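This is what each chain is made of:
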Amino acid sequence: ELRVRIDKLSRADKSDNMLRISSDSRKAALDARLVGLYDNGAETKIDRAVENIARIYRQNAENAYTDPETGNVASHQGALQIVFLDLGTPNKERGWSVYDKMRDQLVAMGVPGAEIVFVQDAKSSAKKAALFKAARDGQVSVLFGSTETMGVGTNVQRRAIALHDIDCPWRPSDLQ
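Quick caveat: nothing in here was measured; it's all calculated off a predicted structure. (Residues numbered from 1 in each chain as written. Predicted model: local features only at pLDDT ≥ 70, side-chain atom pairs only at ≥ 80, totals over all residues. Heavy atoms only, no water.)

**Focus on the packing of helix H3 (residues 45-60) against helix H4 (residues 98-108)**
Then comes step 1: Orientation of H3 relative to H4, taken along the N-to-C sense of each, is 45°, at an axis distance of 10 Å. Here H3 is positioned oblique relative to H4, judged by the angle of their axes. The crossing of H3 and H4 is right-handed. Between H3, through Ile46, Asp47, Ala49, Val50, Ile53 and Ala54, and H4, the contact on the second element is made entirely by Val98, Lys101, Met102, Gln105 and Leu106.
Then comes step 2: Counted by class, the contact of H3 with H4 contains 8 nonpolar, 1 polar and 2 charged residues. (Axes fitted to C-alpha atoms, helices over the stretch in contact; angles between N-to-C directions. Helix = DSSP H or I, 4+ residues; strand = E, 2+ residues; numbered from the N terminus. Parallel < 35°, antiparallel > 145°, perpendicular 65-115°, else oblique. Left-handed = near helix turned anticlockwise from the far one by under 90°. Contact = heavy atoms within 4.5 Å. Nonpolar A, V, L, I, M, F, W, Y, C, P; charged D, E, K, R; others polar.)

**A word on the side chain of histidine 164**
Then comes step 1: In this fold, histidine 164 is placed in strand E4 (residues 160-165).
Then comes step 2: In terms of polar contacts, histidine 164 uses its side chain to reach the side chain of glutamine 81, at 2.7 Å.
Then comes step 3: Setting aside chain neighbours within four positions, we find histidine 164 in contact with Asn52, Ile53, Ile56, Gln81, Ile82, Val83 and Phe84. (Polar contact = N/O pair within 3.5 Å; in protein donor to acceptor, adjacent residues only side chain to side chain.)

**Considering the sheet that holds strand E2 (residues 116-118)**
Then comes step 1: Spatially, E2-E3-E1-E4 is the arrangement adopted by the 4 strands of the open sheet, whose pairing is parallel. Each edge of the sheet is formed by a strand with only one pairing partner; in this case those strands are E2 and E4. Taken pair by pair, the neighbouring strands of this sheet meet at an average axis angle of 15°, ignoring direction.
Then comes step 2: For strand E1 (residues 80-84) and E4, the ladder comprises 5 bridges, and the chain directions are parallel. Pairing of isoleucine 82 across the sheet is with leucine 163, part of E4.
Then comes step 3: Lying on the sheet, H4 is in contact with E2 and strand E3 (142-145); it crosses E2 at an angle near 175°. (Pairing = 2+ DSSP bridges.)

As structure tokens, then:
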């Protein structure tokens, strides 16, 4: 379908453009439902990422950390994984999201649902600060966010054991 769309561009059809085609390509590579298709149960990039996140969770679930304020061993064990995902963010209109899909798969693989958090759910600066504190304190094992919502100013690295860039940000400067 993408090839057909590209061929139509060369025939002076102005109803589409290369930017739209590139965007749809990125979406389809992540999850076919983002472009109105279904994967028919085929293994996807998301499935592989979820397997990796679940494996790292299990390997680090008993890690102990020191509370920097008290110098004592912190009450919560386990590491933090940060998941950057710009496409397929939570969307009430669509009724599902890639975030939801990944969370559901992680829960099915044994990661506690209460420890999987979407930064988009923290709607105010105060809630975001509380979320980041919870991540630093070990109450969050997997933190999902987009480049925009979890970029500059996100201070959660104390327990960070893995960073997963599920899709590449559109602007090269966002990679930094």
